[in-house]
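Listed below, chain by chain, are the residues.
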Amino acid sequence: GLPRAISAAAVGRLLGSCDRRRPAGRRDFAILTVLARLGLRAGEVAALRLGDIDWRAGELAVHGKASRQDRLPLTQEVGEAIAGWLQDGRPRCASAAVFTRVLAPHHGLSAWAVSGVVRQACVRAGLPPMGSRRLRRTVATQTLRAGGTLTEVGHLLRQRSLAAASLYAKVDRGALSAVARPWPGGAA
(Lines give C-alpha, C1' and ligand atoms only; values in the text may rest on other atoms or scores of the structure.)
Protein backbone atom coordinates (compact mmCIF):
# COMPACT_ATOMS: atom_id res chain seq x y z
CA GLY A 1 0.00 0.00 0.00
CA LEU A 2 0.88 3.65 -0.13
CA PRO A 3 2.82 5.18 2.76
CA ARG A 4 0.31 7.04 4.86
CA ALA A 5 1.11 10.70 5.32
CA ILE A 6 -0.99 13.56 6.62
CA SER A 7 -1.68 16.91 5.00
CA ALA A 8 0.13 20.13 5.81
CA ALA A 9 -3.13 21.37 7.33
CA ALA A 10 -3.24 18.35 9.67
CA VAL A 11 0.39 18.98 10.70
CA GLY A 12 -0.63 22.58 11.43
CA ARG A 13 -3.51 21.35 13.57
CA LEU A 14 -1.17 19.07 15.55
CA LEU A 15 1.27 21.91 16.18
CA GLY A 16 -1.56 24.32 16.95
CA SER A 17 -3.00 21.93 19.55
CA CYS A 18 -0.09 22.65 21.91
CA ASP A 19 -0.74 25.26 24.59
CA ARG A 20 2.64 27.01 24.51
CA ARG A 21 1.74 29.11 27.54
CA ARG A 22 2.42 25.98 29.61
CA PRO A 23 5.71 24.05 29.93
CA ALA A 24 4.20 20.77 28.70
CA GLY A 25 2.77 22.58 25.68
CA ARG A 26 6.16 24.09 24.81
CA ARG A 27 7.77 20.67 25.13
CA ASP A 28 5.11 18.95 23.04
CA PHE A 29 5.32 21.68 20.40
CA ALA A 30 9.09 21.23 20.18
CA ILE A 31 8.79 17.44 19.92
CA LEU A 32 6.13 17.65 17.22
CA THR A 33 8.16 20.25 15.31
CA VAL A 34 11.26 18.03 15.35
CA LEU A 35 9.23 15.03 14.18
CA ALA A 36 7.26 16.90 11.51
CA ARG A 37 10.14 18.94 10.06
CA LEU A 38 13.18 16.68 10.39
CA GLY A 39 11.56 13.25 10.07
CA LEU A 40 13.26 11.81 13.13
CA ARG A 41 12.15 8.54 14.68
CA ALA A 42 10.61 8.65 18.17
CA GLY A 43 13.69 6.92 19.58
CA GLU A 44 15.96 9.50 17.97
CA VAL A 45 13.99 12.33 19.56
CA ALA A 46 14.11 10.58 22.94
CA ALA A 47 17.89 10.10 22.56
CA LEU A 48 18.63 13.80 21.93
CA ARG A 49 21.00 15.23 24.53
CA LEU A 50 21.74 18.86 25.28
CA GLY A 51 25.27 18.41 23.88
CA ASP A 52 23.82 17.24 20.55
CA ILE A 53 22.71 20.77 19.69
CA ASP A 54 25.39 22.94 18.11
CA TRP A 55 23.70 26.34 18.12
CA ARG A 56 26.66 28.14 16.49
CA ALA A 57 26.95 25.71 13.58
CA GLY A 58 23.18 25.30 13.35
CA GLU A 59 23.38 21.52 13.55
CA LEU A 60 21.79 18.71 15.46
CA ALA A 61 23.58 15.39 16.11
CA VAL A 62 21.12 12.53 15.72
CA HIS A 63 21.83 9.12 17.22
CA GLY A 64 19.99 6.64 15.04
CA LYS A 65 19.72 2.94 14.42
CA ALA A 66 22.80 0.70 14.70
CA SER A 67 24.71 3.35 16.68
CA ARG A 68 24.74 5.58 13.62
CA GLN A 69 25.26 9.29 14.22
CA ASP A 70 24.34 11.94 11.67
CA ARG A 71 24.43 15.71 11.73
CA LEU A 72 21.33 17.49 10.48
CA PRO A 73 20.79 21.17 9.85
CA LEU A 74 18.96 22.84 12.70
CA THR A 75 16.35 24.86 10.84
CA GLN A 76 15.14 28.12 12.32
CA GLU A 77 11.69 26.68 12.97
CA VAL A 78 13.07 23.63 14.79
CA GLY A 79 15.68 25.68 16.66
CA GLU A 80 13.10 28.19 17.88
CA ALA A 81 10.78 25.42 19.06
CA ILE A 82 13.56 23.66 20.99
CA ALA A 83 14.85 26.96 22.42
CA GLY A 84 11.32 27.84 23.58
CA TRP A 85 11.19 24.60 25.54
CA LEU A 86 14.71 24.85 26.94
CA GLN A 87 14.40 28.49 28.01
CA ASP A 88 10.82 28.68 29.20
CA GLY A 89 9.63 25.17 29.98
CA ARG A 90 12.27 22.59 30.77
CA PRO A 91 12.68 22.13 34.52
CA ARG A 92 16.11 22.60 36.02
CA CYS A 93 17.42 19.10 36.46
CA ALA A 94 20.50 16.92 36.17
CA SER A 95 19.22 15.06 33.11
CA ALA A 96 21.18 15.64 29.88
CA ALA A 97 18.10 14.74 27.81
CA VAL A 98 16.64 17.55 25.72
CA PHE A 99 13.10 16.36 26.34
CA THR A 100 12.24 15.54 29.93
CA ARG A 101 9.18 15.03 32.04
CA VAL A 102 7.65 18.29 33.21
CA LEU A 103 6.78 16.84 36.63
CA ALA A 104 9.27 15.14 38.95
CA PRO A 105 11.12 12.94 38.50
CA HIS A 106 12.59 14.97 35.62
CA HIS A 107 14.17 12.17 33.61
CA GLY A 108 14.33 12.01 29.83
CA LEU A 109 11.34 10.83 27.84
CA SER A 110 11.29 7.36 26.31
CA ALA A 111 10.48 6.66 22.66
CA TRP A 112 7.07 5.44 23.87
CA ALA A 113 6.47 8.78 25.63
CA VAL A 114 7.47 10.70 22.47
CA SER A 115 4.90 8.68 20.49
CA GLY A 116 2.42 9.41 23.28
CA VAL A 117 2.93 13.14 22.68
CA VAL A 118 1.80 12.58 19.08
CA ARG A 119 -1.21 10.52 20.13
CA GLN A 120 -2.29 13.15 22.69
CA ALA A 121 -1.89 15.93 20.10
CA CYS A 122 -4.16 13.96 17.75
CA VAL A 123 -6.86 13.88 20.40
CA ARG A 124 -6.51 17.63 21.06
CA ALA A 125 -6.53 18.41 17.32
CA GLY A 126 -9.51 16.16 16.58
CA LEU A 127 -7.47 13.94 14.25
CA PRO A 128 -7.54 10.16 14.01
CA PRO A 129 -4.92 8.55 16.23
CA MET A 130 -1.46 8.12 14.73
CA GLY A 131 2.08 7.53 15.85
CA SER A 132 5.28 9.43 15.27
CA ARG A 133 6.10 7.30 12.22
CA ARG A 134 3.26 8.97 10.31
CA LEU A 135 5.06 12.31 10.68
CA ARG A 136 8.27 10.73 9.33
CA ARG A 137 6.34 9.48 6.32
CA THR A 138 4.82 12.92 5.90
CA VAL A 139 8.28 14.51 5.67
CA ALA A 140 9.27 11.99 2.98
CA THR A 141 6.06 12.50 1.03
CA GLN A 142 6.27 16.29 1.18
CA THR A 143 9.89 16.16 -0.01
CA LEU A 144 8.94 14.07 -3.05
CA ARG A 145 5.94 16.25 -3.87
CA ALA A 146 8.20 19.32 -3.71
CA GLY A 147 10.44 17.78 -6.38
CA GLY A 148 12.93 15.90 -4.21
CA THR A 149 14.37 12.61 -5.40
CA LEU A 150 14.26 9.21 -3.72
CA THR A 151 17.98 9.56 -3.05
CA GLU A 152 17.31 12.86 -1.25
CA VAL A 153 14.51 11.25 0.77
CA GLY A 154 16.87 8.43 1.74
CA HIS A 155 19.50 10.92 2.90
CA LEU A 156 16.92 13.04 4.72
CA LEU A 157 15.55 10.04 6.61
CA ARG A 158 19.06 8.66 7.13
CA GLN A 159 18.23 5.31 5.57
CA ARG A 160 21.00 2.90 4.72
CA SER A 161 19.73 1.86 1.31
CA LEU A 162 17.79 3.30 -1.58
CA ALA A 163 15.53 0.26 -1.34
CA ALA A 164 14.23 1.54 2.01
CA ALA A 165 13.40 4.92 0.45
CA SER A 166 11.84 3.31 -2.64
CA LEU A 167 8.67 2.72 -0.61
CA TYR A 168 7.95 6.41 -1.18
CA ALA A 169 8.07 6.06 -4.97
CA LYS A 170 4.42 5.07 -4.72
CA VAL A 171 3.22 8.32 -3.14
CA ASP A 172 3.01 10.40 -6.31
CA ARG A 173 0.24 8.72 -8.27
CA GLY A 174 0.32 11.40 -10.97
CA ALA A 175 3.98 10.81 -11.71
CA LEU A 176 3.48 7.06 -11.59
CA SER A 177 0.60 7.18 -14.06
CA ALA A 178 2.74 9.20 -16.48
CA VAL A 179 5.39 6.45 -16.59
CA ALA A 180 3.08 3.44 -16.27
CA ARG A 181 2.84 1.22 -19.30
CA PRO A 182 -0.64 0.19 -20.45
CA TRP A 183 -1.77 -3.27 -19.40
CA PRO A 184 -1.45 -5.71 -22.32
CA GLY A 185 -4.82 -6.33 -23.88
CA GLY A 186 -6.41 -3.60 -21.76
CA ALA A 187 -8.91 -1.03 -23.01
CA ALA A 188 -7.42 1.92 -24.84
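The rules behind each value
- Residues numbered from 1 in each chain as written.
- Predicted model: local features only at pLDDT ≥ 70, side-chain atom pairs only at ≥ 80, totals over all residues.
- Heavy atoms only, no water.
- Buried < 20%, exposed > 50% of the residue type's maximum accessible area, 1.4 Å probe, protein only.
- Helix = DSSP H or I, 4+ residues; strand = E, 2+ residues; numbered from the N terminus.
- Pairing = 2+ DSSP bridges.
- Lys, Arg positive; Asp, Glu negative; His and termini not counted.
- Salt bridge = Lys/Arg side-chain N within 4 Å of Asp/Glu carboxyl O.
- Polar contact = N/O pair within 3.5 Å; in protein donor to acceptor, adjacent residues only side chain to side chain.
- Contact = heavy atoms within 4.5 Å.
- Expected span 1.5 Å × (residues − 1).
- Axes fitted to C-alpha atoms, helices over the stretch in contact; angles between N-to-C directions.
- Parallel < 35°, antiparallel > 145°, perpendicular 65-115°, else oblique.
- Nonpolar A, V, L, I, M, F, W, Y, C, P; charged D, E, K, R; others polar.

## Some remarks on the pairing of strand β3 (residues 69-73)
Next up, step 1: With burial as the criterion, only one face of β3 is covered, namely that bearing Asp70 and Leu72; the residues Gln69, Arg71 and Pro73 on the opposite face remain uncovered.
Next up, step 2: Here strand β2 (residues 59-63) pairs with β3 via 5 bridges, running antiparallel. By the bridge assignment, Leu60 is partnered in β3 with Leu72.

## Let's talk about the side chain of Arg26
Next up, step 1: Turning to its location among the elements, Arg26 is positioned in helix α2 (residues 23-38).
Next up, step 2: For the buried Arg26, no salt bridge is present, and the opposite-charge side chain at shortest range is Asp88, 5.2 Å distant.
Next up, step 3: From its side chain, Arg26 meets the backbone oxygen of Arg21 in a polar contact 3.4 Å long.
Next up, step 4: Residue contacts for Arg26: discarding those within four places in its chain leaves Asp19, Arg20, Arg21, Gly84, Trp85, Asp88 and Gly89.

## Digging into α2
Next up, step 1: Taking 1.5 Å per residue as the helical rise, α2 with its 16 residues ought to reach 22 Å, and the 22 Å between its terminal C-alpha atoms agrees with that figure.
Next up, step 2: A positive phi of about 70° marks Gly39, the residue just after α2.

## Considerations on the sheet that holds strand β1 (residues 53-54)
Next up, step 1: Pairing is antiparallel across the open sheet formed by 3 strands, whose spatial order is β1-β2-β3. Looking at the sheet topology across the chains shown, the edges are occupied by β1 and β3.

## A closer look at the environment of Val139
Next up, step 1: With respect to the secondary-structure elements, Val139 resides in helix α6 (residues 132-145).
Next up, step 2: C-alpha of Val139 to C-alpha of Ala8: the two residues are 131 residues apart in sequence and 9.9 Å apart in space.
Next up, step 3: With near-sequence residues (within four places) excluded, Val139 lies in contact with Leu35, Ala36, Arg37, Gly39 and Leu156.

## Brief notes about the packing of helix α1 (residues 8-16) against α2
Next up, step 1: Running from N to C, α1 and α2 cross one another at 160°; their axes reach a closest spacing of 9 Å. In terms of orientation, α1 and α2 fall into the roughly antiparallel class. Along its contact with α1, which presents Val11, Leu14 and Leu15, the element α2 presents Phe29, Leu32, Thr33, Ala36 and Arg37.
Next up, step 2: Of the residues that constitute the contact of α1 with α2, the class distribution is 6 nonpolar, 1 polar and 1 charged.

## Thoughts on the side chain of Glu44
Next up, step 1: Inspection of the secondary structure puts Glu44 in helix α3 (residues 42-46).
Next up, step 2: Apart from residues no more than four positions distant in its own chain, Glu44 is found in contact with Val62, His63, Gly64, Lys65, Arg136 and Arg158.

## Points about unusual backbone geometry
Next up, step 1: Between Ala104 and Pro105 the backbone carries a cis peptide bond, its omega angle lying at -5°.
Next up, step 2: Take Pro105: it is sitting in the loop between α4 (76-88) and α5 (111-125).

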